[in-house]
Amino acid sequence: MNLGAEPKKIALLGGLLLVAGGVFYYNVIADDSPSSSGTVVQPASAPAPAAAPVVHVSAPKTERRRVTNQGLANEFKPRMGPKNPEDRPDPATIDPTLRLDLLAKIQAVQAGAAGRNLFVFGAAPPPPVKELPKVGKIEIAKNQPPATAPIAPAGPPPPPQAPPITFKYYGYKISTSDGHKAAFLLDGDDILIAGENDTVKRRYRVVKIGVNSITIEDTQFKSTQTLQLQENPAA
């Protein structure tokens, strides 16, 4: 059996009892006393009349521009004369005489025409147009007829020209028996064979067959045309 621990337990229990007693005193006994109570009982009286509501109107806030020394320092201040006092002219040396001749000379200068306004956005006005010299009136006599160009007398119409022959001459042959020549002509896709003095297409007569050319007469217009020999007539 451990006896040394009992006095410690008794001391711990005694401390707890003291703490509980203090809490009970402050919470129960101190609250019931009239001195500790914070409430004051006032006698009943007649109700006070209701006061009129008070309306508070706030004045509008106005912004006040604050003027500082910095704004005054940046203000434009025109300067008259040189900046250095040494460069300024001496008032005693200035001639106060009024130059009327110079004033009259300035007044005699005439202002020019107004040009483009620099403060108005837009295209520049067109340049002035020069006036052309005036020409006097030309009077025409009433009884005189107007002059007209002479009309040349119409002559006989020119004779009609023969159209070009469209045949292509691409070769010939000579008969060994009688030496008769026959030319080969190409009319579109048709191949024509004709000798000298023969008529083709009832209109064209072969006049002469040569080695490099052939002469054909257009019997309708009574004119002749010469066709050169073509190595590749189909082209």
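Being a predicted model, the structure only gives us computed values, none of them experimental.

Caption draft 1: Broad picture of the overall build of the chain. For the chain, the helix and strand inventory stands at 3 helices and 7 strands. Secondary structure elements in the chain, listed N-terminal to C-terminal, are α-α-α-β-β-β-β-β-β-β. In the chain, which comprises 235 residues, the proportion classed as buried is 11%. Contacts in the chain between residues far apart in sequence, at least 24 positions, make up 32% of those at least 6 positions apart. A total accessible area of about 22600 Å² is found for the chain, and carbon and sulfur atoms account for 60% of it.

Caption draft 2: Up close: the sheet that holds strand β2 (residues 181–187). Strand order across the open sheet formed by 3 strands is β1-β2-β3, with antiparallel pairing between neighbours. Edge positions in the open sheet fall to β1 (168–174) and β3 (190–195), since each of these has one partner strand only. Taking each pair of neighbouring strands and ignoring which way they run, the sheet shows an average axis angle of 25°. As defined by bridge partners, β2 adjoins β3 across 6 bridges and the pair is classed as antiparallel. Across the sheet, residue L186 finds its bridge partner in β3, namely I191.

Caption draft 3: Quick look at the nonpolar core. By size, the foremost hydrophobic cluster in this structure holds 14 residues, and its most contacted members are F167, Y169, L185, I214, I216 and L227. Among the secondary structure elements, those contributing two or more residues to this core are β2, β3, β5 (204–209) and β6 (213–218). Here this core gets 3 residues from one element, more than from any other, and that element is β5. Leave out the neighbours within four places in its chain, and I214 touches Y169, A183, L185, V206, K208, I209, Q225, T226 and L227.

Caption draft 4: Expanded view of the sheet that holds strand β7 (residues 223–228). In spatial order, the strands read β4-β5-β6-β7; together these 4 strands make up an open sheet with antiparallel pairing. Lying at the two open borders of the sheet, with one neighbouring strand each, are β4 (199–200) and β7. Pairing between β6 and β7: 6 bridges, direction antiparallel. Residue pairing for β7: I216 is matched across the bridge by Q225.

Caption draft 5: Representation of unusual backbone geometry. With phi around 60°, K201 is a residue other than glycine that occupies positive phi space. Relative to the assigned elements, K201 resides in the loop between β4 and β5. The class for K201 is partly exposed, based on a relative accessible area of 48%. In this structure, R202 is a non-glycine residue whose phi angle is positive, near 60°. With respect to the helices, strands and loops of the structure, R202 is situated in the loop between β4 and β5. For R202, a relative accessible area of 84% corresponds to the exposed category.

Caption draft 6: Expanded view of the pattern of salt bridges. Under the criterion given, the structure shown has 4 salt bridges. Residue D187 is joined to K201 by a salt bridge in which the shortest nitrogen-to-oxygen separation is 3.3 Å. Of this pair, D187 sits in strand β2 while K201 sits in the loop between β4 and β5, and the two are 14 residues apart along the sequence. Where D218 meets R203, a salt bridge forms, and the shortest distance between an N and an O atom there is 2.9 Å.

Rules used in this analysis
- Residues numbered from 1 in each chain as written.
- Predicted model: local features only at pLDDT ≥ 70, side-chain atom pairs only at ≥ 80, totals over all residues.
- Heavy atoms only, no water.
- Helix = DSSP H or I, 4+ residues; strand = E, 2+ residues; numbered from the N terminus.
- Buried < 20%, exposed > 50% of the residue type's maximum accessible area, 1.4 Å probe, protein only.
- Contact = heavy atoms within 4.5 Å.
- Areas by Shrake-Rupley, 256 points an atom, 1.4 Å probe, with all protein chains shown as cover.
- Pairing = 2+ DSSP bridges.
- Axes fitted to C-alpha atoms, helices over the stretch in contact; angles between N-to-C directions.
- Core = buried A, V, L, I, M, F, W, Y, C linked by side-chain atoms within 4.5 Å.
- Salt bridge = Lys/Arg side-chain N within 4 Å of Asp/Glu carboxyl O.

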